[in-house]
Amino acid sequence: MLDIETLGLEPGASVVSIGAVRFDESGVGDTFERSISLTSCQRAGLTIDAETLEWWLAQDGEALDQLSGGDPLARVLEAFSEWYGDADQIWANSPSFDCELLETAYHAVDRDEPWMFYEERDFRTISSLPVAADVEFEGVEHDALDDAVHQAEVVSKTLAGIEEIRARGESA
Ligand SMILES: [Mg+2]
């Protein structure tokens, strides 16, 4: 499960943090969390949207912290690729946002994203199903890792619930 925090809503926007966590139907596992230097984003040609910046400034301190500091974009993306490894699915809310904006950031530093388009899965779709699990949010909203972990828990529990329904059907 991937969640990014950005300074814009369109591909080409600066990415200020990446949060990700591995999960399956039995729960969540290994995490990835890195903050990215805004200056390095701008040097790579990524943009800063004033309206999004204003939105960030209205958020609470812990979320806002993601905007300062951080490591160079290219280095963080290399680390993410390494962490992604041979994963065969990438989930996001939705891939048309997180995956597309991150892909554009990879291209801005002449690198390719580590996933294929057909590995993308949509959290927004599964979380809108009537069988979607209800999970209480823990941590800081708009913190990339806390968002990713929350979304992963929802999908994990939903998949486990579907598996239970399927097993019940087979034993009936
Ligand atoms: Mg988020």
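Residues numbered from 1 in each chain as written. Predicted model: local features only at pLDDT ≥ 70, side-chain atom pairs only at ≥ 80, totals over all residues.

Enquirer: Whenever I open this one, the overall build of the protein chain confuses me. Can you help?
Expert: Along the backbone of the protein chain there are seven helices and five strands. Secondary structure elements of the protein chain, listed N to C terminal, follow the sequence β-β-β-α-α-α-α-β-α-β-α-α. In terms of C-alpha radius of gyration, the protein chain reaches 17 Å, essentially the compact-globule figure of 16 Å for 172 residues. C-alpha atoms of the protein chain, sized along the principal axes, occupy 60 × 35 × 25 Å. (Helix = DSSP H or I, 4+ residues; strand = E, 2+ residues; numbered from the N terminus. Rg over C-alpha atoms; globule rule 2.2 N^0.38 Å.)

Enquirer: Explain the environment of Gly69 here, please?
Expert: Summarising the element assignment, Gly69 is placed in the loop between helix 3 (61–64) and helix 4 (73–84). For the pair Gly69 and Leu38, spaced 31 residues apart in sequence, the C-alpha separation works out to 7.7 Å.

Enquirer: How should the nonpolar core be read in this particular structure?
Expert: The tendency in soluble globular proteins is for nonpolar side chains to be buried as a group. Counting 35 residues, the largest nonpolar core has Met1, Leu2, Val15, Ala105 and Ala148 as the members making the most contacts within it. Of all the elements in the fold, those that place two or more residues in this core are strand 1 (2–6), strand 2 (15–24), helix 1 (38–43), helix 4, strand 4 (90–92), helix 5 (98–108) and helix 7 (144–171). A total of seven residues in this core trace back to one element, the largest contributor, which is helix 7. Once residues lying within four places of it in the same chain are set aside, the contact partners of Leu2 are Ala20, Ile90, Trp91, Ala92, Asp98 and Ala148. (Core = buried A, V, L, I, M, F, W, Y, C linked by C-beta atoms within 7 Å. Buried ≥ 20, exposed ≤ 12 C-beta atoms within 10 Å, placed from the backbone. Contact = placed C-beta atoms within 7 Å.)

Enquirer: I tried to follow unusual backbone geometry on my own but got confused; where do I start?
Expert: Excluding glycine, residues mostly carry a negative phi; peptide bonds, for their part, are mostly trans. Following Asn93, the chain continues into Ser94 via a peptide bond in cis, with omega recorded as 0 degrees. Of note, Asp110 is a non-glycine position whose phi angle comes to about 55 degrees, a positive value. Residues other than glycine seldom take positive phi values, yet His142 does so here, at roughly 75 degrees. One can find His142 in the loop between helix 6 (123–127) and helix 7.

Enquirer: Just to check I follow, could you spell out the sheet that holds strand 1 for this structure?
Expert: Two orientations exist for strands paired in a sheet by backbone hydrogen bonds: parallel and antiparallel. The three strands lie next to each other as 1-2-3, forming an open sheet whose pairing is antiparallel. Each edge of the sheet is formed by a strand with only one pairing partner; in this case those strands are strand 1 and strand 3 (27–35). For this sheet the average axis-to-axis angle between neighbouring strands, irrespective of direction, equals 10 degrees. One ladder, built from seven bridges, connects strand 2 with strand 3; its direction is antiparallel. The residue bridging Val21 from the neighbouring strand is Thr31, located in strand 3. Helix-sheet contacts for helix 4 involve strand 2 and strand 3, and the interaxial angle to strand 3 is about 165 degrees. (Pairing = 2+ DSSP bridges. Axes fitted to C-alpha atoms, helices over the stretch in contact; angles between N-to-C directions.)

Enquirer: In this structure, what is going on with the environment of Asp112? I would like to understand it.
Expert: Position of Asp112 among the secondary structure elements: in the loop between helix 5 and strand 5 (120–122). The spatial distance from the C-alpha of Asp112 to the C-alpha of Glu78 is 9.7 Å, given a sequence separation of 34 residues.

Enquirer: Can you walk me through the environment of Ala160 in this structure?
Expert: Residue placement: Ala160 occurs in helix 7. Between the alpha carbons of Ala160 and Leu38 there is a distance of 39 Å; along the sequence they are 122 residues apart.

Enquirer: I tried to follow the pairing of strand 1 on my own but got confused; where do I start?
Expert: Taken residue by residue, a regular strand's side chains alternate between the two faces of the sheet. The element strand 1 is extensively covered by neighbouring structure, given that five of its five residues are classed as buried. Because side chains alternate across strand 1, one face comprises the buried residues Leu2, Ile4 and Thr6, and the other comprises Asp3 and Glu5, equally buried. Examined bridge by bridge, strand 1 and strand 2 share five bridges and lie antiparallel to one another. By the bridge assignment for strand 2, Thr6 is matched with Val15.

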